[in-house]
Amino acid sequence: MAWIDVCGSDDLQPDSGVCALVAGQQVALFYLPEEGTVYAIHNYDPFGNANVLSRGLIGDINGQPVVASPLYKQHFNLETGVCLEDETVQIPVYKVQIDGARVKVNSEASS
Amino acid sequence: MKQTLVVIGNGMVGQNFLAGLAASSAKENYDIVTFCEEPRAAYDRVHLSEFFTGKTAADLSLVEDGFFTANGITIHLGDRAATIDRELKTVTSAKGITVSYDKLVLATGSYPFVPPVPGHDRPQCLVYRTIEDLEAMQAAAKTGKIGTVVGGGLLGLEAAKALRDLGLQTHIVEFAPRLMAVQVDEAGGVMLRRKIEALGVTVHTGKNTSLITDGETCVNKMCFADGEELETDVVLFSAGIRPRDDIARGCGLEVGQRGGIVIDNQCKTSDPAIYAIGECALWNGMIYGLVAPGYAMARTVVADLNGEAASFNGADMSTKLKLMGVDVASIGDAHAKTQGAMVYTYQNGASEVYKRLVVSQDKKQLLGAVLVGDASGYGTLLQYCLNGIELPENPDALILPHRSDESVGLGPDALPAAAQICSCYDVSKGVVCAAVEAGCTTVNALKAETKAGTGCGGCVPLLKSVLNSELAKQGYEVNTDLCEHFPYTRQDLYNLIRVEEIKTFAELLEKHGKGRGCEVCKPTVGSILASHWNEYILKTEHLGLQDTNDTFLANMQKDGTYSVVPRITGGEIRPDMLIALGQVGKKYNLYTKITGGQRVDLFGARVDQLPAIWKELIDAGFESGHAYGKSLRTVKSCVGSTWCRYGVDDSVGLAIALENRYKGLRSPHKIKFAVSGCTRECAEAQGKDVGVIATENGWNLYVCGNGGMKPRHADLFATGLDKATLIKYIDRFLSFYVRTADRLQRTSVWMENMEGGLDYLKSVVIDDKLGLCGQLEQQMQYVIDTYQCEWKTTIEDDSKLKRFRHFINSDQPDDNVVFVEERGQIRPAVAGDERKHFTLVEVA
């Protein structure tokens, strides 16, 4: 369990995403200010084969928090990384801590 | 043992007969053989002029793939049946094939009548009947400038449209004192003439052509009995049709004095083994030159062969047409020849509308009608006429203009079940209702199930209203919610935002929605907010709403890099600007391509390079091209009268003015314009959402065209406009589209789904039927006044630039973006490429 200091909390974009480099991995961070939540998933879109998920639109589908890929619009659950359109596809998700004004990400994928 | 049935002629009626027979049980009793003189099987002659507006011979085909094989029908294509031996019961073709028959159906159709004027067989004197004729017209139009149609009837006007579509200066020469003399009365003819002339077609009536000879400035010269002359390259005869009865004459069948194969009510000729149907047949002294009566005859023969009692008892000759964008309709006794008939007329000189009702002496029955300029009442009037429905107390209410909400149309519920909805395929209201009952819930499903609306298409609005009424009766409700977060349509949300002055997604969600939103409602609301309030789309509260491309003001490509498209208004660009563009492309090693919209697209920019690229472009004088947005893209133009020998007006100047006016307007989907400087239409304006074409009489405005996956030819919306009126109409049109369309609905689909269609849109935009035009113009003016170049705003705001990096915590680029070289430029590497990193220019 390695917590890595990634960026300032003011570097996050409200209701939107940014990408951070965490121990050589690309991690997409999504910030929902109303709930005070930050989600972290891998930035790689396995359908479009490009590092773009941080630039997708976020929202919810049937109560699950999701990001829609900006390339071909598949949805990924932000808590589990499972693709809603194809449940055999799952992308890594990471734990996030807000420590004061800093954002920390655990570099080991938790799923 | 099977008998042999031979059908001579594979035109529209011959094919309709074969299709009817193939679908009936009588098919099992016959081996079927058909002769088709033309090199291709049946095609749609009614819509022949669409051949010049992009349709191919294959598009016009009326024969489903594999039809002949699937039904065991032998077709002899390109082989004319030449003789019939009634003793031996055989048919022999021009190529020498002889087939024995037990039953014979003549569907030989008609040929265009060419008046025996000296010189009628000169070069470029053509007729308008087959696809081969069209090809001859196309060839003649390539070298010619002027074309003249002889004949101002229905077909003549169609032919004139074809000549005009071919870019020829077009004349119509008519012997009678008015156009469409058979269908339209004198006053209607005057109005029709005015409208046709407003389209740039010159009309000569009361002209008797006496000679066609060598022209001085053109290939031909027409000399008229009154001494006048007309120089023309192409002469197109469209002076009526004559039945093709030569094969019937050759075998001694009874024919009429003026031609036509005599048939009885079962469509049998004087030989009971031989039937005749369509335009070659003479029933009760009449030749029917329309397709619907021909189809009725075909149905009669199919029924007779099935041993069912059937009878052809004449046919309704009512017609509704759009001739060169002008609506014309004629119903029943248009000339009030019935004893005691009374006439009501309505004439509106300003909007060029003429309507005439012919009613019975007791004013209870509609006998006939003429409509010019506005044929929206056709369906209702035809139903009154055909079904003998009693007229309202004041029949003139049916043709007088009425204000919104107040409808005097005949609701679908007032029609009896036997009422004929589609006259081409004889589909009754009862059949339509049964199909809805059986599960058809869309017009397209009804078309597939019943064939209604698939002939001339004139009954589609009525079909739709019957459908809606039946669906409503079944308690059917269509879910039009935008998504799970908002139980509203896009139009509802637009109205909520406008009326309640809502300025953010959060506010809208709190008041009218639930959950967090999704990739459907967020961009939709983002677009509406931008259309209405026109704030900077990357403002913090709007940023999370924007679609992929809008968030970085560039177009994401498959590898996650972006393309950059600066605005090049009207496609006009100074050499130094072009050089500046080239320098940026070269410096950042971008793949460079010219777009279809007359601009330059630069591909392969990483997200972190976008601000620097745009800084240089803006310094060079460029601004955002909004290629990333659902917004105005380009206004394409031809070079226009400034340079072109044929140009009528300054298309480039207008294109630039329009592009500058509407740039940045956020809309339900992208919008494309084009402006052509003459009717040769080099800018392809008729394939755009908004198309403008210069004519001698002013600008013609076309709307709701589309290229792409489902091309749609634009509709002629208004003609002969000055620039101020043109802009006023476009302002209103676009504002109305932005307000009422669904998300991601292009203007073409918007129009096709609009109740009342083009006529309704005209009534809103031109006649201000809804009293909205003031608001619509005001809204557009607000958007124009608050325009900003989003890229300029962005590069001037450091806080906005923070997002333009791949990593929030590192300056490294994305190592998954790899380019290889192809034809001297970069392209994204694919599996199998040697993945070689390019040296990319580093940007501070």
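What counts as what
- Residues numbered from 1 in each chain as written.
- Chains lettered and ligands numbered in written order.
- Predicted model: local features only at pLDDT ≥ 70, side-chain atom pairs only at ≥ 80, totals over all residues.
- Heavy atoms only, no water.
- Helix = DSSP H or I, 4+ residues; strand = E, 2+ residues; numbered from the N terminus.
- Buried < 20%, exposed > 50% of the residue type's maximum accessible area, 1.4 Å probe, protein only.
- Contact = heavy atoms within 4.5 Å.
- Areas by Shrake-Rupley, 256 points an atom, 1.4 Å probe, with all protein chains shown as cover.
- Pairing = 2+ DSSP bridges.
- Axes fitted to C-alpha atoms, helices over the stretch in contact; angles between N-to-C directions.
- Buried area = accessible area lost by both parts, 1.4 Å probe.
- Salt bridge = Lys/Arg side-chain N within 4 Å of Asp/Glu carboxyl O.
- Nonpolar A, V, L, I, M, F, W, Y, C, P; charged D, E, K, R; others polar.
- Core = buried A, V, L, I, M, F, W, Y, C linked by side-chain atoms within 4.5 Å.
- Parallel < 35°, antiparallel > 145°, perpendicular 65-115°, else oblique.
- Left-handed = near helix turned anticlockwise from the far one by under 90°.
- Polar contact = N/O pair within 3.5 Å; in protein donor to acceptor, adjacent residues only side chain to side chain.
- 1 Å grid on protein atoms, 1.4 Å probe; cavity = no way out; pocket = protein on both sides within 12 Å on 5 of 7 lines; lining within 4 Å.
- Points joined across faces, edges and corners; volume = space filled by probe spheres on them.
- pLDDT = per-residue confidence, 0-100.

(A) Quick look at the overall build of chain A. Each helix and strand counted, chain A has 0 helices and 12 strands in total. The order of α-helices and β-strands along chain A, N terminus first, is β-β-β-β-β-β-β-β-β-β-β-β. For chain A, buried positions account for 55% of its 111 residues. Counting contacts in chain A only where the partners sit at least 6 residues apart, residues at least 24 apart contribute 37% of the total. Summing over all exposed atoms, chain A offers an accessible surface of approximately 4,500 Å²; the carbon and sulfur share of this is 46%.

(B) Layout of the sheet that holds strand β14 (residues 220-224) of chain B. Residues and elements named next belong to chain B. Here we have 3 strands laid out as an open sheet, ordered β13-β14-β15, and antiparallel in their pairing. The sheet terminates laterally at β13 (209-214) and β15 (229-232), the two strands that pair on one side only. With direction set aside, neighbouring strand axes in the sheet form an average angle of 20°. Pairing between β14 and β15: 4 bridges, direction antiparallel. Across the sheet, methionine 222 pairs through a bridge with leucine 230, a residue of β15.

(C) How the structure looks around the interface of chain B and chain A. Counting from both sides, the interface comprises 35 residues of chain B and, opposite them, 38 residues of chain A. Here chain B packs against chain A, burying approximately 2,800 Å² in sum over the two surfaces, 51% of which is carbon and sulfur. Among the residues of chain B in contact with chain A, B:Arg516, B:Glu519 and B:Ile808 are the three that bury the most area, contributing 25% of the side total. Counting across the interface, chain B meets chain A through 3 salt bridges. Linking A:Glu35 and B:Arg516 is a salt bridge whose minimum nitrogen-to-oxygen distance equals 2.5 Å. Contributions of two or more residues to the side of chain B that touches chain A are made by α15 (521-533) and α16 (540-543) of chain B. Residue composition of the side of chain B that touches chain A, by class: 10 nonpolar, 14 polar and 11 charged.

(D) Highlighting the nonpolar core. All names here are of chain B. One finds Phe17, Leu106 and Ile277 to be the most contacted residues of the largest nonpolar core, which totals 95 residues. Examining the composition of this core, we find that 8 residues originate from one element, helix α8 (residues 291-305), more than from any other. The next biggest cluster of nonpolar side chains, apart from the first, holds 62 residues, and it includes Ala655, Val692, Cys704 and Met780.

(E) Local environment of the pattern of salt bridges. Residue and element names in this part refer to chain B. Overall, the coordinates contain 47 salt bridges over all chains when judged by the stated rule. Two residues, aspartate 550 and arginine 666, come together in a salt bridge whose shortest N-O distance is 2.9 Å. A residue pair is termed long-range when its members are at least 10 positions apart, and aspartate 550 in helix α17 (residues 548-551) and arginine 666 in the loop between α20 (651-662) and β33 (671-676) qualify at 116 residues. Given a relative accessible area of 7%, aspartate 550 falls into the buried group. The salt bridge partner of glutamate 796 is lysine 792, with a shortest N-O separation of 3.2 Å. With relative accessibility at 58%, the residue glutamate 796 sits in the exposed group. Linked by salt bridges that have partners in common, Arg194, Lys195 and Glu352 make up one network.

(F) Looking closely at the packing of helix α13 (residues 490-499) of chain B against α15(B). All names here are of chain B. Two elements in contact, α13 and α15, have axes separated by 10 Å at closest approach and are oriented at 45°. Comparing the axis directions of α13 and α15 gives the class oblique. When you trace α13 past α15, the crossing you get is right-handed. Only Thr524, Val525, Ile528, Leu529, Ser531, His532 and Trp533 of α15 make contact with α13, whose side of the interface consists of Arg490, Leu493, Tyr494, Ile497 and Arg498. Per-class residue counts for the contact of α13 with α15 are 7 nonpolar, 3 polar and 2 charged.

(G) Inspection of the sheet that holds strand β30 (residues 591-594) of chain B at higher detail. The strand order across the open sheet built from 4 strands is β28-β29-β31-β30 (chain B), with neighbouring strands paired in antiparallel fashion. Each edge of the open sheet is held by one strand with a lone partner, namely β28 (555-556) and β30 of chain B.

(H) Up close: the side chain of B:Ser110. Residue and element names in this part refer to chain B. Here serine 110 is to be found in strand β8 (residues 110-112). For serine 110, a relative accessible area of 5% puts it in the buried group. In terms of polar contacts, serine 110 uses its side chain to reach the side chain of arginine 129, at 3.4 Å. Here glutamate 279 takes part through its side chain, which lies 2.6 Å from a polar atom of the side chain of serine 110. In contact with serine 110, not counting residues within four places along its chain, are Arg129, Ile241, Arg242, Pro243, Arg244 and Glu279.

(I) Molecular detail of the packing of helix α18 (residues 575-587) of chain B against helix α19 (residues 610-619) of chain B. Residues and elements named next belong to chain B. Where α18 contacts α19, the two axes come as close as 10 Å, and the packing angle between them is 160°. When the axis of α18 is compared with that of α19, the two are roughly antiparallel. In this structure, α18 crosses over α19, and the sense of that crossing is right-handed. Seen from α18, the contacting residues are Leu581, Val584 and Lys587; seen from α19, they are Ile613, Glu616 and Leu617.

(J) Spotlight on the pairing of strand β25 (residues 366-372) of chain B. Residues and elements named next belong to chain B. Burial analysis of β25 places 6 of its 7 residues in the buried class, the great majority of the element. Across 5 bridges, strand β22 (residues 326-332) lies against β25 in antiparallel orientation. Note that in β25 the partner of serine 330 across the bridge is valine 370. Bridging between strand β24 (residues 353-359) and β25 involves 6 bridges; their strand directions are antiparallel. Along β25, the bridge assignment pairs valine 358 with glycine 368. Between the antiparallel neighbours β24 and β25 lie 6 residues, among them lysine 363 with a positive phi of about 60°.

(K) The layout of surface pockets, seen in detail. Its boundaries defined by the atoms lining it, the second largest pocket holds a volume of some 610 Å³. In this structure, the second largest pocket is lined by 31 residues; those nearest its centre are A:Lys73, B:Asp547, B:Thr548, B:Lys630 and B:Leu744. Looking at the lining of the second largest pocket, the elements with two or more residues in it are α15 and α17 of chain B. The element contributing the most residues to the lining of the second largest pocket is α15(B), with 5 residues.

(L) Helix α23 (residues 757-765) of chain B, seen in detail. All names here are of chain B. By the criterion of burial, α23 is predominantly enclosed, with 7 of the 9 residues buried. Listed in full, the buried residues belonging to α23 are Gly757, Leu758, Leu761, Lys762, Ser763, Val764 and Val765. Tucked into the core, α23 has its buried residues touching β21 (319-323), β35 (698-703), β36 (715-721), α21 (723-740), α22 (747-753) and α24 (773-785).

(M) Fine view of empty space enclosed by the protein. The final tally for this structure, using the stated rule, is 7 cavities of 30 Å³ or more. Put simply, the largest cavity is a space of about 220 Å³. Lining the largest cavity are 24 residues, and of these A:Gly17, A:Val18, A:Ser54, A:Arg55 and B:Phe552 sit closest to its centre. Those elements that provide at least two residues to the lining of the largest cavity are β2 (16-22) and β7 (57-61) of chain A together with α17 of chain B. A total of 4 residues in the lining of the largest cavity trace back to one element, the largest contributor, which is β2(A). Considering only enclosed or pocket space, the second largest cavity measures out at about 90 Å³ in volume. Looking at the second largest cavity, it is lined by 14 residues, and the ones nearest its centre are B:Asn534, B:Gly664, B:Arg666, B:Gln788 and B:Glu790. Split into classes, the residues belonging to the lining of the second largest cavity amount to 6 nonpolar, 4 polar and 4 charged.

(N) Quick look at the confidence of the model for chain B. Residues and elements named next belong to chain B. The predicted model of chain B has a mean per-residue pLDDT of 89, with 97% of residues at 70 or higher. Confidence drops under pLDDT 50 across residues 403-408; counting only partners more than four residues distant or on other chains, this segment forms 5 contacts. Contacts of residues 835-844 to residues separated by more than four positions or lying in other chains number 20 contacts, the stretch itself having pLDDT below 50.

(O) Up close: the environment of B:Met342. Residue and element names in this part refer to chain B. Tracing the chain through its elements places methionine 342 in strand β23 (residues 342-348). Owing to a relative accessible area of 33%, methionine 342 belongs among the partly exposed residues under this scheme. As a C-alpha pair, methionine 342 and valine 358 span 16 residues in sequence and 5.7 Å in three-dimensional space. Once you skip the residues sitting within four places of it in the chain, methionine 342 turns out to touch Leu357, Val358, Val359, Ser360, Gln361 and Lys363.

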